[in-house]
Each structure stands twice: as structure tokens, then as C-alpha cells.
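An overview of the molecular structure
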Amino acid sequence: KGRCFRMSYTLLVNKSHPLTSSYVPPCLAEAHIPFDTSAHDEKTLMEKTAAKAAAKLFHQAASDNITLMGVSGYRSYKRQESLYRNALARSSSAVAPPGTSEHQTGLALDISCASLNFELEEAFAYTKEGKWLKTNAPLYGFILRYPRRKEHITQYPWEPWHIRFVGKTLSLYLSLTGLTLEEYHQMLSNPR
Ligand code: ZN
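Residues numbered from 1 in each chain as written. Predicted model: local features only at pLDDT ≥ 70, side-chain atom pairs only at ≥ 80, totals over all residues. Heavy atoms only, no water.

Concerning the layout of surface pockets
Empty space among the atoms becomes apparent when a probe as large as a water molecule is rolled across them. The condition is simple: Definitions used for this entry: grid spacing 1 Å over protein atoms alone; cavity, a set of points where a 1.4 Å probe fits but cannot get out; pocket, an open set with protein on both sides within 12 Å along at least 5 of 7 lines; lining residue, one with an atom within 4 Å of a point. Grid points are joined across faces, edges and corners, and a volume is the space filled by probe spheres set on the points. Numbering goes from the N terminus for both helices and strands, where a helix is a DSSP run of H or I of at least four residues and a strand is a run of E of at least two. In this classification, the charged set is Asp, Glu, Lys and Arg, the nonpolar set is Ala, Val, Leu, Ile, Met, Phe, Trp, Tyr, Cys and Pro, and all remaining amino acids, among them Gly, are polar.
The space that makes up the largest pocket amounts to roughly 660 Å³. Every residue lining the largest pocket is counted, 32 residues in all, and those nearest its centre are Arg 75, Ala 94, Val 95, Asp 110 and Leu 120. At the level of secondary structure, the elements contributing two or more residues to the lining of the largest pocket comprise strand 3 (69-72), helix 2 (77-89) and strand 6 (159-165). Broken down by element, the lining of the largest pocket gets its largest block of residues, 7 residues, from helix 2. Each residue belonging to the lining of the largest pocket can be placed in one class, and the counts come to 14 nonpolar, 9 polar and 9 charged. Taken as a whole, the second largest pocket spans an internal volume of roughly 510 Å³. Around the second largest pocket sit 23 residues that line it, and Lys 134, Leu 144, Pro 147, Arg 148 and Trp 158 are the ones nearest its centre. Of all the secondary-structure elements, those providing two or more residues to the lining of the second largest pocket are helix 3 (128-136), strand 5 (142-146), strand 6 and helix 5 (168-177). At 5 residues, the largest contribution of residues to the lining of the second largest pocket is made by strand 5. Looking at the lining of the second largest pocket, its residues break down into 12 nonpolar, 4 polar and 7 charged.

Any link to function would need more than the numbers given here.
Right, dumping it as C-alpha cells:
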């Protein structure tokens with residue numbers, strides 16, 4: 001049994017900051033939340049601390065009569081590569097190139113709900129589940145990673161279903177300031 005090392009929850013992964021093909025998060029664990037997939041799928045894994053935070057988030061949602069459904073957590077470089085190849089074959093640009101998806105960190109989670117048939121759509125933002133998530137995710141250490149009108153900064157389209165664990169201090173700071181993870185890292189490298 002290997003020891004679990006703590007990883008950096010503020011890690012920036014995007015098209016300009018890709019992960020290597022060999023990157024695997026140090027501590028993957030089953031996320032104990034409902035998933036719209038068969039059991040023992042790689043998608044149901046998350047980084048250990050992020051998985052615990054997701055379970056707390058889903059538990060609070062259930063107490064508020066909000067039923068969230070996990071769609072996709074961890075995604076290996078290999079699986080991202082195969083999804084990307086399939087998308088290219090369909091001439092679709094909706095899938096991130098391998099190494100540039102933060103699902104490879106185990107810190108990201110896609111969420112949907114029954115009224116959307118568990119699809120990942122912008123319409124999620126207008127559902128009661130999507131609204132609840134936007135308000136409550138930061139209280140559990142997650143940010144909505146790809147906001148609307150920040151597409152030029154994140155280089156990703158608006159994805160109201162994609163949350164990313166960054167730890168509670170940073171999630172609260174980013175949600176209060178409206179800054180993206182890219183802008184936070186920019187601030188760190190250019191302190192005033
Ligand atoms: Zn996602």
C-alpha cells in the first residue's frame with residue numbers, strides 16, 4: 001500500500017498548462033455519491049479529499065431536497081485521448097485535448113439532474129439543482145470552474161455543471177470576487 005500524499009488543490013490545468021501523459025493524482029478514491037453510470041467505472045473516482053467534500057456537498061443537497069447526480073469525476077489521460085480522437089472523427093471540438101482536462105487531476109466533477117436526463121447542458125444553470133449548486137459549492141471547497149463571460153480567460157465554454165475542488169479558503173475567495181482560477185494564478189505571478 002502506497003502512502004497518500006497531499007496534492008496541491010490550487011493546481012492550474014488548462015490548454016496552456018497541460019498535465020503530462022503520466023500524471024495520475026496521488027490518491028484516488030471512490031466518491032460516495034450517486035453516479036449516472038455503472039459501478040466500478042473510473043468516472044466514479046475522485047482525489048480522496050475532493051471525494052469527501054463531494055459527499056458532504058451531495059448530503060447537504062439531499063437535506064435541502066435537491067437531488068444531484070454525478071456524471072463524471074476522474075478521467076485518465078488515456079481515456080481523454082480516446083474521447084478526443086472520437087470527437088475529432090466526428091469533427092467535434094467539444095472535447096479537450098488529452099492533458100488539458102482537469103478531470104485528469106481527480107479534482108473535477110460534472111453534475112446533472114433528472115429533469116435534464118442527466119445530460120451536461122447549459123440549461124442546468126436554470127434548474128433548481130444548478131442554482132443550488134452555484135450557491136452552495138463554494139461552501140464545500142468547490143468552484144464553478146468555467147463561468148459565463150470568462151470564456152476568453154478559461155479558454156473553455158460556459159459549463160455550469162463542472163465543479164472543481166480548490167479547498168474552502170480559495171473557493172470562498174473566488175466565489176466572492178468572481179475571479180477564475182486563471183486570474184488567481186495571474187495575481188500570484190504578478191503581485192502588486
Ligand atoms: Zn467537466
